[in-house]
Amino acid sequence: MGVNIGVRKVGGCHQFQIIQREVDHFIVRIVPDKTWTPDHAEQIRSVFHREFESPVRVEVETHNYLERPAGGKLKLVVVELEKR
């Protein structure tokens, strides 16, 4: 299904962005809507665990807004892996 579709299906947010910091570490930035509850964060973590079928660390952060880059388009997935 893919994690971005899974996060979308969980709901509870206006916007989201997935940041991959390491092979097994993700940060999901959420702009919550009025239906957001702590259970949504747990459901998002479950989406990642199902999708990757291996241990991954998923941090869910809530924000008032997500800053857009100069081009104006918010990337849904940003990979910030260090090259080794």
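Predicted, not measured: the structure shown is a model, and the values here were computed from it.

The rules behind the values
- Residues numbered from 1 in each chain as written.
- Predicted model: local features only at pLDDT ≥ 70, side-chain atom pairs only at ≥ 80, totals over all residues.
- Heavy atoms only, no water.
- Axes fitted to C-alpha atoms, helices over the stretch in contact; angles between N-to-C directions.
- Helix = DSSP H or I, 4+ residues; strand = E, 2+ residues; numbered from the N terminus.
- Parallel < 35°, antiparallel > 145°, perpendicular 65-115°, else oblique.
- Left-handed = near helix turned anticlockwise from the far one by under 90°.
- Contact = heavy atoms within 4.5 Å.
- Nonpolar A, V, L, I, M, F, W, Y, C, P; charged D, E, K, R; others polar.
- Patch = residues over 30% accessible without salt bridge, like charges linked within 9 Å, V, L, I, M, F, W, Y side chains within 5 Å.
- Areas by Shrake-Rupley, 256 points an atom, 1.4 Å probe, with all protein chains shown as cover.
- Salt bridge = Lys/Arg side-chain N within 4 Å of Asp/Glu carboxyl O.
- Buried < 20%, exposed > 50% of the residue type's maximum accessible area, 1.4 Å probe, protein only.
- Pairing = 2+ DSSP bridges.
- Arc of directions from axis to C-beta.

All right, on to the packing of helix H1 (residues 3-10) against helix H2 (residues 38-52) then. Running from N to C, H1 and H2 point in directions that differ by 155°, and their axes come no closer than 9 Å. One element, H1, and the other, H2, form an angle in the roughly antiparallel class. Judged by the twist between their axes, the crossing of H1 over H2 is right-handed. Here H1 contributes Val-3, Gly-6, Val-7 and Val-10 to the contact with H2, which in turn contributes His-40, Gln-43, Ile-44, Val-47, Phe-48, Glu-51 and Phe-52. Among the residues making up the contact of H1 with H2, the classes are represented as 7 nonpolar, 3 polar and 1 charged.

Attention shifts here to a nonpolar patch on the surface. Taken together, the side chains of Val-23, Leu-76, Val-77, Val-79 and Leu-81 present a nonpolar region at the surface, about 410 Å² in accessible area. Overall, Leu-81 belongs to the partly exposed group, its relative accessible area being 38%.

The next subject is the pairing of strand E1 (residues 13-22). As paired strands, E1 and strand E2 (residues 25-32) are joined by 8 bridges and run antiparallel to one another. The residue bridging Glu-22 from the neighbouring strand is His-25, located in E2. Between the antiparallel neighbours E1 and E2 lie 2 residues. Where E1 and strand E4 (residues 77-79) come together, 3 bridges link them in parallel fashion. Paired with Gln-20 across the strands is Val-79, a residue of E4.

Every buried residue belonging to H1 is among Val-3, Gly-6, Val-7 and Val-10, and all of these are buried. All buried residues of H1 lie within an arc of 100° about the axis, which places them on one face of the element. For H1, the exposed residues set more than 90 degrees away from the buried face come down to Arg-8 and Lys-9. Next to the buried residues of H1 lie E1, E2 and H2. Phi for Gly-11, located one or two positions after H1, is positive at around 80°.

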